[in-house]
Amino acid sequence: MNIWIAIGVTAVGCYAAKLIGLLVPAGVLERPLVQRLAALLPVALLAALTAQQTFADGRGLVLDARAAGLAAAAVALLLRAPFLLVVAAAVVVTAGVRAMTG
Amino acid sequence: MAEQTARADIRREDGGKPDAAVVRDALGVGVAVGLSGFAFGVTSAGSGLTPVQTCALSLLVFTGASQFALVGALAAGGNPFTAAAGAFFLGVRNAFYGLRLSQLLALRRAVRPFAAQWVIDETTAVALAQPSRRSVRIGFTVTGLTLYVLWNLTTLLGAVGAQAVGNTDAWGLDAAGPAVFLALLAPMLKTTTERAVAGAAVVLGLGLLPVLPAGVPVLVAALAAPAVLYAEGRRKDHGKGTAGDDVQNGDRNDAQNDAPREDR
């Protein structure tokens, strides 16, 4: 049930965000500071999410196979690999490290 | 150099870009990104969501970063509202895409609620790259339709496939989520401002993990954005003489260039 609540709230919220941009008159959100903040907000969220999903184990921090996978993804990004290849590199390396370390 | 010449040629044919070329661009983006719904389906199933819940997310939310964030937060044990809040904040950028698109698409009011679901990174990137209203509309529609259909189909395949695989962690599939976030984040780290925000957010997100309820540290980490902007503003106020106007113009251009961005 909790999951359905989360899905419902997210769906409504994200749709509202998309729609409001199409509906409000231009100029309301065009101030530079607002735009800067809108561009920086995803940077903060994505960075925090990347770190947490790589190093979090419940409420503790661990260094495990996921870190190796993420390092592989970073290398793939530096080599300008396409999106799917970046994700695949992380998955394959994580699985490989886990298989080797048991 | 050759690239510059080519770009100049395209500019000169403004408004005369053939429909087929627009469709080709749109299909390229739509197909490539649409296929990565598979990674979402797998990640979502690995987070404990049923295939129906996973598909509902792709059909109803349809903005990749928010979807990954939500299932990640739920898997970490976050309550539904903190999890949804993180996903929502990631989706806020689409409002700014909508602002720009509404001027370019010039849609009738009755059509806007239907077009809204497709207002995401990829459709914006393709639409903004087009020279005329006709090609903007074609680019937006073809990218949106291709992506929506493929993203939902591959989500279903990933969700069902992951269930068949069983323990997704053993296959390293729990690394797909953070890798997706990193791939989305990397092109955004253009200046020291973005890097400072990212660094502060990592410290906050990890440092607060042991002391705050699940899902909340990410929301606190979002405060890194206004904090760094504030610090930057103060520093500029200190160091500036007559450069104020230049700084403002520069900021505005930055914001415009930021608008189209790769997602998923």
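Conventions adopted
- Residues numbered from 1 in each chain as written.
- Chains lettered and ligands numbered in written order.
- Predicted model: local features only at pLDDT ≥ 70, side-chain atom pairs only at ≥ 80, totals over all residues.
- Helix = DSSP H or I, 4+ residues; strand = E, 2+ residues; numbered from the N terminus.
- Buried ≥ 20, exposed ≤ 12 C-beta atoms within 10 Å, placed from the backbone.
- Contact = placed C-beta atoms within 7 Å.
- Expected span 1.5 Å × (residues − 1).
- Nonpolar A, V, L, I, M, F, W, Y, C, P; charged D, E, K, R; others polar.
- UniProt positions renumbered as here; feature names shortened; annotations may be inferred.
- Domains from an automatic or database assignment.
- Core = buried A, V, L, I, M, F, W, Y, C linked by C-beta atoms within 7 Å.
- pLDDT = per-residue confidence, 0-100.

## Considering the overall build of chain A
Line of reasoning, step 1. Tallying secondary structure elements over chain A gives 4 helices and 2 strands in all.
Line of reasoning, step 2. With respect to the three principal axes, the spread of C-alpha positions in chain A is 55 × 40 × 25 Å.
Line of reasoning, step 3. Within chain A, buried positions represent 47% of all 102 residues.
Line of reasoning, step 4. Considering only intrachain contacts with a sequence separation of at least 6, the fraction spanning at least 24 residues in chain A is 33%.

## Topic: the overall build of chain B
Line of reasoning, step 1. A count of helices and strands for chain B gives 15 helices and 0 strands.
Line of reasoning, step 2. Counting all 264 residues of chain B, 49% fall into the buried class.
Line of reasoning, step 3. Considering only contacts in chain B between residues 6 or more positions apart, those separated by 24 or more positions represent 74%.

## A few points about helix 4 (residues 83-101) of chain A
For an α-helix the count is 3.6 residues per turn, leaving residues at separations of three or four pointing the same way.
Residues and elements named next belong to chain A.
Line of reasoning, step 1. For helix 4, which comprises 19 residues, the first-to-last C-alpha distance of 28 Å matches the rise-based estimate of 27 Å (1.5 Å per residue) to within 8%.
Line of reasoning, step 2. Of the positions making up helix 4, those classed as buried are Phe83, Val86, Val87, Ala89, Ala90, Val91, Val93, Thr94 and Arg98.
Line of reasoning, step 3. One or two residues past the end of helix 4 sits Gly102, with phi positive at roughly 70°.

## Some remarks on the interface of chain B and chain A
By a frequent convention, interface size equals the accessible area lost on bringing the separate parts together.
Line of reasoning, step 1. Listed as interface residues are 86 residues of chain B and, on the opposing side, 63 residues of chain A.
Line of reasoning, step 2. Looking at the side of chain B that touches chain A, its residues break down into 62 nonpolar, 16 polar and 8 charged.

## Focus on the UniProt feature "transmembrane region" (unreviewed entry) in chain B
Line of reasoning, step 1. The UniProt feature table records "transmembrane region" (unreviewed entry) at residues 26-43, 138-164, 170-189 and 201-225 of chain B.
Line of reasoning, step 2. Here residues 170-189 of chain B is 50% helix and 0% strand, with 32 Å between the C-alpha atoms at its ends.

## So, the domain arrangement of chain B
All names here are of chain B.
Line of reasoning, step 1. In terms of domains, chain B is made up of domain 1 (16-173) and domain 2 (189-240).
Line of reasoning, step 2. Centre-to-centre, using C-alpha coordinates, domain 1 lies 26 Å away from domain 2.
Line of reasoning, step 3. Taken residue by residue, the interface counts 10 residues in domain 1 and 6 residues in domain 2.
Line of reasoning, step 4. The dominant element in the side of domain 1 that touches domain 2, judged by the number of residues it contributes, is helix 6 (residues 80-91), at 5 residues.

## What about the environment of Gly86 of chain B?
Line of reasoning, step 1. Along the chain, the position of Gly86 of chain B falls in helix 6.
Line of reasoning, step 2. For Gly86 of chain B and Gly28 of chain B, which are 58 residues apart along the polypeptide, the C-alpha to C-alpha distance reads 30 Å.
Line of reasoning, step 3. Residues contacting Gly86 of chain B, with those up to four places away along its chain left out, are Leu45 of chain A together with Ala69, Ala73, Gly215, Val218 and Leu219 of chain B.

## Topic: the UniProt feature "transmembrane region" (unreviewed entry) in chain A
Residue and element names in this part refer to chain A.
Line of reasoning, step 1. Here, UniProt's "transmembrane region" (unreviewed entry) annotation points to residues 6-25, 37-55 and 67-97.
Line of reasoning, step 2. Across residues 6-25, helical content stands at 90% and strand content at 0%; the span's end C-alpha atoms are separated by 30 Å.
Line of reasoning, step 3. Its end C-alpha atoms 10 Å apart, residues 67-97 is made of 87% helix and 0% strand.

## Let's talk about the nonpolar core
Line of reasoning, step 1. Counting 114 residues, the largest nonpolar core has Ala44, Ala48 and Ala90 of chain A together with Ala179 and Ala201 of chain B as the members making the most contacts within it.
Line of reasoning, step 2. Among the elements that take part in this core, helix 2 (residues 32-55) of chain A stands out by supplying 13 residues, more than any other.
Line of reasoning, step 3. Split by domain, this core shows at least three residues from each of two domains, domain 1 (16-173) and domain 2 (189-240) of chain B.
Line of reasoning, step 4. Not counting residues within four places of it along the chain, the set of residues in contact with Ala90 of chain A comprises Gly69, Leu70, Ala72 and Ala73 of chain A together with Ala175, Ala176 and Ala179 of chain B.

## Describing helix 11 (residues 176-185) of chain B
Line of reasoning, step 1. The element helix 11 of chain B is largely enclosed, with a buried count of 10 among its 10 residues.
Line of reasoning, step 2. Next to the buried residues of helix 11 of chain B lie helix 2, helix 3 (65-78) and helix 4 of chain A together with helix 3 (37-46), helix 5 (64-75) and helix 12 (192-207) of chain B.

## Here's the deal with unusual backbone geometry
Line of reasoning, step 1. Positive phi values are uncommon outside glycine, yet Arg80 of chain A reaches one of about 60°.
Line of reasoning, step 2. Its location among the elements puts Arg80 of chain A in the loop between helix 3 and helix 4.
Line of reasoning, step 3. Within the chain, Ala106 of chain B stands out as a residue other than glycine whose phi angle is a positive 50°.
Line of reasoning, step 4. A count of 10 C-beta atoms within 10 Å places Ala106 of chain B in the exposed class.

## Remarks on the confidence of the model for chain B
All names here are of chain B.
Line of reasoning, step 1. Predicted confidence across chain B gives a mean pLDDT of 84, with 84% of residues reaching 70 or more.
Line of reasoning, step 2. Below pLDDT 50 for its whole length, residues 1-14 participates in 2 contacts with residues either more than four positions away or in separate chains.
Line of reasoning, step 3. Low pLDDT, under 50, characterises residues 241-264; the predicted model gives this stretch 36 contacts beyond four residues in sequence or across chains.

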